[in-house]
Amino acid sequence: MPTHGYELDDLKEQYKTVSVSENGSNTYVLVEKAGLPPGCHPKETPVLLVLNSGQPRPEIYVKPGIKILNGQDPRSTSIINIQGQSWMQFSYNLEFDRNKHSLVQFIAGSLRRFSKN
Amino acid sequence: MKIRIPENLGISLRKEIFKRGGHEYVAFALVSHTMAGNEILVLVKDIEFLAEQEYVETLYHGAHWRGSATIRILNRALAGKLGILLFHAHEYSESVGLSMDDVKSARELLPVYQNLIPDRPHGSIVIGHESAAGIVLLPGEDAISEVTSVRWLGDVMRDWTPHGNRKISSPVVPAIYSTQALLIGSSGQRKLSHTKVAVVGLSGGGSHVVQQLSHLGVGEIIAIDPDISEEDNRHRVIGMTKKDIREETPKVEVMRRMARSINDEVALKPVGHLVSEEFAITELKRADVVIGCVDSLHARADIQALCLRYLIPYVDIGLLIVPGENGSVSIGGNIITSIPGRACLWCMRFLSEKKLAEETGGKPRSYFQGTEKQAQVVSFNGLLASAAMNELLQLVTGFGPSSTAVSIKKFDGVSNTLEDWKVEPLQNCPICRTELAAGDPVWEKL
């Protein structure tokens, strides 16, 4: 399965249960449980990465239903269907260079966005 | 266990296996699958045929082919993580079934396929004269399941069952539908009464659709909308009352009440969720046809992706009223029927990445809070909804002449005309290529 130049081994080391699937030019990586910032409910979420050589960085999605520290829904999110399943797209601010940063860093950095609204 | 075949693949499949020659012809369908309600749907994604030189001449009846051909097909199935259905024909059989030889060879072959590709179904199917039967080995199971129907998608959906189109014992049409059946026939009425229709968006267009589906007597309406009743809906949402506004009744409940009051034989499943939410996706997968009455291109893209993935015909309606200066006005609408394997909204250039980006102002979709309020008038909503219901009637009952043309019905509210615009669909559409019959993904653990 094409990994589009990304290293997947450290994902498995960090998150234990990681699965992949492929459709067209995309490779989908499913991380069963990734930790959310303190105060979030639930404490962990499934994460979906969409890898594609044509994109500067992966797309990242989490399962809908996350409440942040103040008990509210995070802002600037949208629920969309990917591969026939429901995922939440969210805004985040992260510098990512695929030549320098790993996917583990990418997930951790993106999810840090749920520490605030 | 039901099989669905997109129009383009269905045409070539039938052509191949009904071919006449010195031997029987076979075709290998590469399939995905999903669970829809309590039913397994097997979805044909691609078809592999054998070249004449790949068949082996024998003295025995049937088709025999070289091992190298089997390896070629297995490699394709493995690469796409797809199951294999072997199709052949008993051309003249009105009631059809696998022969004892067919069953014997399937029982030998299917476990081999399952061993190599365990996450997908594999089966052997025989097609007769407007009839179909077969057996399938489902993922994780040792016992075989019987195929209950094969659905050929097209401008008319045709379900072939083991008993074909033999007359059912009670063709009596209930009095309520007696004049309707003069057009669609008793078999058309029976088909309607077994049809599940998902309606996405329950405002001006969607409420008219629910009303007409209730009158038509479909089997079930799956009504999808997360919103509650609001005062500025009341001028166009059929069935909505002042009390609903005061009590903030969910639109799905307004629709349930209306459907019940019109025809208590029609079940309505209220789904108060966005179409992209898990519960709504689960319910939508049960539908035979989806009617989209939504106001954003992004919602249309979501519905289209799901309908392609699970091989469900999708009828989309949309209206745009633009009041101009000096009393000028433009009122335009579309009714688009997307038949999987013929053309999708992307093939017809109704959706594009550029248009989606324009809708969100170039920002990511997570910043998109929906379209701005637009002019809406109940009479125009109703006209488009009625045209969509005619599309549904054609899909289910085939009351009109069949057509293979790709077209969009264009409504002009100023001249009050509805025209059929022929469309040259995009060749090699990237959305159809990836989404068509993709079914549920198969995950491979790292």
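In this text the structure is predicted, and so the values were computed from the model without any measurement. Each chain carries its own residue numbering, running from 1 in the written order of its sequence. All chains are assigned letters beginning with A, and all ligands numbers beginning with 1, in the order in which they are written. Since the coordinates come from a predicted model, pLDDT governs what is reported: local features require at least 70, and pairs of side-chain atoms require 80 or more to be given and counted, while whole-chain, interface and lining totals use all residues.

1. Overview of helix 9 (residues 297–309) of chain B
Piece 1. Helix and strand assignments follow DSSP, with helices taken as H or I runs no shorter than four residues and strands as E runs no shorter than two, numbered in order from the N terminus. A helix is expected to reach a length of 1.5 Å times the quantity of its residues less one. Helix length check: helix 9 of chain B (13 residues) gives 18 Å between terminal C-alpha atoms against 18 Å at 1.5 Å per residue, within 8%.
Piece 2. Following helix 9 of chain B by one or two positions, Leu311 of chain B adopts a phi angle in the positive range, close to 55°.

2. Let's talk about the pairing of strand 11 (residues 220–224) of chain B
Residues and elements named next belong to chain B.
Piece 1. Residues are called buried when their C-beta atom has 20 or more other C-beta atoms within 10 Å, exposed when it has 12 or fewer, and partly exposed otherwise; all C-beta atoms are positioned from the backbone. In terms of burial, strand 11 is a largely internal element, five of the five residues being buried.
Piece 2. Neither face of strand 11 is left uncovered, since the one carrying Glu220, Ile222 and Ile224 and the one carrying Ile221 and Ala223 both have all their residues buried.
Piece 3. Whether two strands pair depends on DSSP finding at least two bridges between them. Across five bridges, strand 10 (residues 196–200) lies against strand 11 in parallel orientation. Following the sheet pairing, Val200 is matched in strand 11 by Ile224.

3. Concerning the sheet that holds strand 4 (residues 83–89) of chain B
Working definition: the strands of a sheet are paired by backbone hydrogen bonds and lie parallel or antiparallel to each other.
Residue and element names in this part refer to chain B.
Piece 1. Taken in spatial order, the nine strands line up as 7-6-5-4-2-3-1-8-9 in an open sheet, and their pairing is mixed. Unpaired on one side and paired on the other, strand 7 (144–146) and strand 9 (158–160) mark the two borders of the sheet. Between one strand and the next, the sheet's axes are offset by a mean angle of 25°, whatever the strand orientation.
Piece 2. Pairing geometry for strand 4 and strand 5 (residues 122–127), over five bridges, is parallel. Bridge pairing in strand 5 places Leu86 opposite Ser124.
Piece 3. Across the sheet, helix 2 (residues 67–80) touches strand 2 (27–36), strand 3 (39–49) and strand 4, and the angle it forms with strand 2 is around 30°.
Piece 4. Against the sheet, helix 3 (residues 100–116) engages strand 4, strand 5 and strand 6 (132–137), with an angle of about 150° to strand 5. Helix axes use the C-alpha atoms of the stretch in contact, all axes being lines fitted to C-alpha atoms, and the angles between their N-to-C directions lie in the range 0 to 180 degrees. Any residue pair is listed as a contact if its two C-beta atoms, each placed from the backbone, are within 7 Å.

4. Here we look at the interface of chain B and chain A
Piece 1. Listed by partner, the interface residues are 24 residues for chain B and 23 residues for chain A.
Piece 2. Elements represented by at least two residues in the side of chain B that touches chain A include exactly helix 8 (278–284), helix 9, helix 12 (430–435) and strand 18 (444–445) of chain B.
Piece 3. Element by element, the count of residues in the side of chain B that touches chain A is highest for helix 9 of chain B, at four residues.
Piece 4. For the side of chain B that touches chain A, a count of residues per class yields 12 nonpolar, three polar and nine charged. Residues are grouped as follows: Ala, Val, Leu, Ile, Met, Phe, Trp, Tyr, Cys and Pro are nonpolar; Asp, Glu, Lys and Arg are charged; every other residue, Gly included, is polar.

5. A short note on the domain arrangement of chain B
All names here are of chain B.
Piece 1. All the domain ranges listed were derived from an automatic or database domain assignment. Assigned domains of chain B: these are domain 1 (2–160) and domain 2 (175–435).
Piece 2. The centre of domain 1, based on its C-alpha atoms, is set 34 Å off from the matching centre of domain 2.
Piece 3. Taken together, the contact between domain 1 and domain 2 spans 15 residues of the former and 15 residues of the latter.
Piece 4. Sorting the residues of the side of domain 1 that touches domain 2 by element identifies helix 1 (7–17), strand 2 and strand 3 as the ones contributing at least two each.
Piece 5. Sorting elements by how many residues they give to the side of domain 1 that touches domain 2 places helix 1 first, with three residues.
Piece 6. Its residues placed into classes, the side of domain 1 that touches domain 2 shows eight nonpolar, four polar and three charged.

6. Observations concerning the environment of Arg246 of chain B
Piece 1. Relative to the helices and strands, Arg246 of chain B resides in helix 6 (residues 242–247).
Piece 2. Taking the C-alpha atoms as reference, Arg246 of chain B lies 47 Å from Ile3 of chain B; in sequence the two are 243 residues apart.

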